[in-house]
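The primary structure of each chain is shown beneath.
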Amino acid sequence: WQVPDRKGGEVEIPGMLTVEQGRYPSGILYGEVPIEWTHGMASFPQQHSFDTLTGRLSSGAYVALMNGQLNYWITTQGRAVGAFAVLSQDEFDVSEHRRYSSIELQIEGLESVVGIAPISQVRMPMKPGDEPVWTATVNKDARLSWSSGGQTMLFGYDYSARALDFYEFRMAFGPVVRITSDEPLTVAEWWLDWVRPLRQLISLLTGAPREIRYMLAVVDADSPRSHRDQVFGWDISHVPVNSTRTSVEEIRSAINLSTDDVSLLDLLHSWQRLTAAQHPLFETYGSMATAADQHPRSRFLLLLQALEGSYGFENRAKHDADREKYAAKRESMLERARGLLPRSDFSFINKNVRREAQQGLDSALADLLKRLPDSISDELAATELVREVRLKHTGKDPLPIHTAVTRARNTLSHGSGSFDPNQLGAAADILERAVRFEAIRLLGAPLATQERAAAGAER
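Note that the coordinates shown come from a computational prediction; the quantities given were computed from them, not determined experimentally.

What counts, and at which threshold
Residues numbered from 1 in each chain as written. Predicted model: local features only at pLDDT ≥ 70, side-chain atom pairs only at ≥ 80, totals over all residues. Heavy atoms only, no water. Helix = DSSP H or I, 4+ residues; strand = E, 2+ residues; numbered from the N terminus. Contact = heavy atoms within 4.5 Å. Salt bridge = Lys/Arg side-chain N within 4 Å of Asp/Glu carboxyl O. Buried < 20%, exposed > 50% of the residue type's maximum accessible area, 1.4 Å probe, protein only. Phe/Tyr/Trp six-rings, centres within 6.5 Å; stacked < 30°, edge-to-face > 60°. Lys NZ or Arg CZ within 6 Å of the ring centre and 35° of its normal. Axes fitted to C-alpha atoms, helices over the stretch in contact; angles between N-to-C directions. Left-handed = near helix turned anticlockwise from the far one by under 90°. Nonpolar A, V, L, I, M, F, W, Y, C, P; charged D, E, K, R; others polar. Core = buried A, V, L, I, M, F, W, Y, C linked by side-chain atoms within 4.5 Å. Arc of directions from axis to C-beta. Parallel < 35°, antiparallel > 145°, perpendicular 65-115°, else oblique. Pairing = 2+ DSSP bridges. Expected span 1.5 Å × (residues − 1).

(A) Region of interest: the environment of I28. Residue placement: I28 occurs in strand β4 (residues 26-30). Placed 52 residues apart in sequence, I28 and A80 show a C-alpha to C-alpha distance of 6.5 Å. Excluding its chain neighbours within four sequence positions, the residues that come into contact with I28 are W1, P14, G15, M16, G78 and R79.

(B) Just the pattern of salt bridges, in detail. Under the defined criterion, the tally for this structure stands at 25 salt bridges. Here R162 makes a salt bridge to D165, at a shortest N to O gap of 2.8 Å. When its relative accessible area of 24% is taken as the criterion, D165 is described as partly exposed. By sharing partners, the salt bridges in this structure join E104, D158, R178 and R228 into a single network.

(C) Summary view of the environment of L87. Counting through the fold element by element, L87 comes out in strand β7 (residues 77-88). When the C-alpha atoms of L87 and Y159 are compared, they prove to be 24 Å apart, with 72 residues separating the residues in sequence. With near-sequence residues (within four places) excluded, L87 lies in contact with L17, L57, Y62, V63, D229, Q230 and F232.

(D) How the structure looks around the packing of aromatic side chains. For the structure on display, the rule yields 6 aromatic pairs. Ring centres 5.2 Å apart and planes at 80° place the aromatic pair F155 and Y157 in the edge-to-face group. By relative accessible area, Y157 is classed as buried at 11%. Judged by centre distance (5.0 Å) and plane angle (85°), the ring pair of W271 and F282 falls under edge-to-face. Separated by 11 residues along the polypeptide, W271 in helix α5 (residues 264-276) and F282 in helix α6 (residues 280-289) bring together distant segments of the chain. The exposure classification of W271 matches that of F282, with both residues buried. Just above the ring of F92 sits the side chain of R98; from NZ or CZ to the centre is 4.0 Å.

(E) Here's a closer look at the packing of helix α10 (residues 361-371) against helix α13 (residues 401-414). The N-to-C vectors of α10 and α13 enclose an angle of 140°; their axes lie 9 Å apart at closest approach. At the point where α10 passes α13, the crossing takes the right-handed sense. The segment α10 lies against α13, with L361, D362, L365, A366 and L369 engaging I401, H402, T403, V405, T406 and R409. By residue class, the composition of the contact of α10 with α13 is 6 nonpolar, 3 polar and 2 charged.

(F) Summary view of the nonpolar core. One finds L198, L201, L257, L264 and F300 to be the most contacted residues of the largest nonpolar core, which totals 92 residues. Excluding residues within four positions of it along the chain, L264 makes contact with L110, W146, M153, L198, L201, I202 and L257. Among the nonpolar cores identified, the runner-up in size contains 15 residues, and V3, F50, L65 and A85 belong to it.

(G) Highlighting helix α12 (residues 384-391). Taken together, the buried positions of α12 are L385, V386 and V389. When α12 is viewed along its axis, its buried side chains cluster within an angular range of 95° and face the same direction.

(H) Seen up close, the packing of helix α14 (residues 421-442) against helix α15 (residues 447-455). Put simply, α14 and α15 touch, their axes get as near as 7 Å, and they point 165° apart. If you check the angle between α14 and α15, you find them roughly antiparallel. As for how α14 packs across α15, the hand of that crossing is right-handed. Where α14 approaches α15, its residues R433, R436, F437, I440 and R441 are matched on the opposing element by T449, Q450, E451, A453, A454 and A455.

(I) Fine view of the pairing of β7. Here β4 runs beside β7; their pairing, made up of 5 bridges, is antiparallel. From the neighbouring strand, G27 faces β7, where its bridge partner is A80. As defined by bridge partners, strand β6 (residues 62-74) adjoins β7 across 11 bridges and the pair is classed as antiparallel. For L65, the partnering residue across the bridge sits in β7 and is A85. Between β6 and β7, which pair antiparallel and follow one another directly, the connecting turn spans 2 residues. Here β7 pairs with strand β15 (residues 228-233) via 4 bridges, running antiparallel. The residue of β15 that forms the bridge with A85 is F232.

(J) Highlighting unusual backbone geometry. Looking along the chain, the bond that leaves F44 and enters P45 is cis, with omega of -5°. Topologically, P45 is positioned in the loop between β4 and β5 (46-56). One non-glycine residue with positive phi stands out, namely N67, at about 50°. If you trace the backbone, N67 turns up in strand β6. Positive phi, normally seen in glycine, also occurs at D293, with a value near 60°. Here D293 lies in the loop between α6 and α7 (296-314). Assessed through its relative accessible area of 81%, D293 is described here as exposed.

(K) Looking closely at the environment of A364. Secondary-structure assignment places A364 in helix α10. Sequence spacing of A364 and K396 is 32 residues, and the spatial spacing of their C-alpha atoms is 24 Å. Residues within four places of A364 in sequence aside, it is in contact with L307, E308 and Y311.

(L) Structural view of α13. Look at α13: 20 Å from first C-alpha to last across 14 residues, which is about the 20 Å you get at 1.5 Å a residue. Of the residues making up α13, those classed as buried are I401, H402, T403, A404, V405, T406, A408, R409 and L412. Among the structural elements, α7, α10, α11 (374-381), α12 and α14 are those in contact with the buried residues of α13.

(M) Examining the pairing of strand β12 (residues 151-162) more closely. Two elements, strand β11 (residues 144-148) and β12, share 5 bridges in a ladder whose sense is antiparallel. Bridge pairing in β12 places S145 opposite L154. Hairpin connection between β11 and β12: a loop of 2 residues separates the two successive antiparallel strands, and G149 in this loop has a positive phi of roughly 60°. Where β12 and strand β13 (residues 170-186) come together, 12 bridges link them in antiparallel fashion. Of the residues in β13, the one forming a bridge with L154 is R178.

Laid out in structure tokens, this is it:
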């Protein structure tokens, strides 16, 4: 490891590098580490943040540990943990982050979203006497590309063939997406602005969290000799997988890029714009889309928060007008009441009459259910959760579905009651389809894809 020596230079410290799935990349340092001394004394642990910590492996390759912290526990031992580790055949410049013009990655479920198989035709002997020849024709159309806004995205299959073994013959294909940018980006920029949103988008379209299997970065995409640096991180499994018919058919996507005439790059650009605008649905559901094993209570509440926030965001101008109108009407009413009521009565009314027009989840759900397929309303009405809330209703008129769901949310939020987790989970499954319907609509995808998401056709 090349470690800052507290004098403006660097000192080489022996150590180890560990990169594992589900853990941040880390390094162990052992030897005479550069400790900070004060009057001949040192306190531990000593902690130092770093942008880049570089090293060289025994194999001759180079490593850059990025965006992390270096801790010294004793005078002869330290540990560094970074958000990313990049392995390269080229030495890193410690003064600045390396920039890359292109990345290559594999994301689970990608080929299900694309909807194109890598083999267009197979032939084999079907009956005795047929020539014992097996053939497979590679599908030349199993490549899609999109360009927009200074970026190009290319989907295709990398394949390997075992052809010179006279005891086995096979071909295997793995889906790959390559993104190239006119403006080179650092690993952190690629990750935050492109890789993470793309993973969230694929998870949204396929209805379940999807993992990133590997990520490579290229300094110069146009150079045939440019090395591909390998990126390691918490959310990267580092396990490339070849496609199989079973795995592809198990993952059903709301969008089929090959038949729906949809650009994956345009969808990703839309996701980026909505996130940059801090759209509540994408801020809330973006992290949910890639999270696993959420408790039904928190999942139920977060999905409703996403829908309520989306409604408020989309109807902001109307809400502003309603607030102004309500504020004027409230002030007029109070002014009349001031001269008619005793002071104590007026103070009570002034304190308890809402200061803003009522807006919230009830209105949001009522608006949403009008646009969703009737099956969503029917399924919500049939849940034990809605039935239980309706049984407690004492009014003369039947309780609308959206009001029943709102009351369930308020009960949980205010801590005034609880529901069985299985009931919450069943309702959350339906609400997630509604959220995905809204997200896909806001991304600008065709109506048919929205309806597939609402119907849960991908499950």
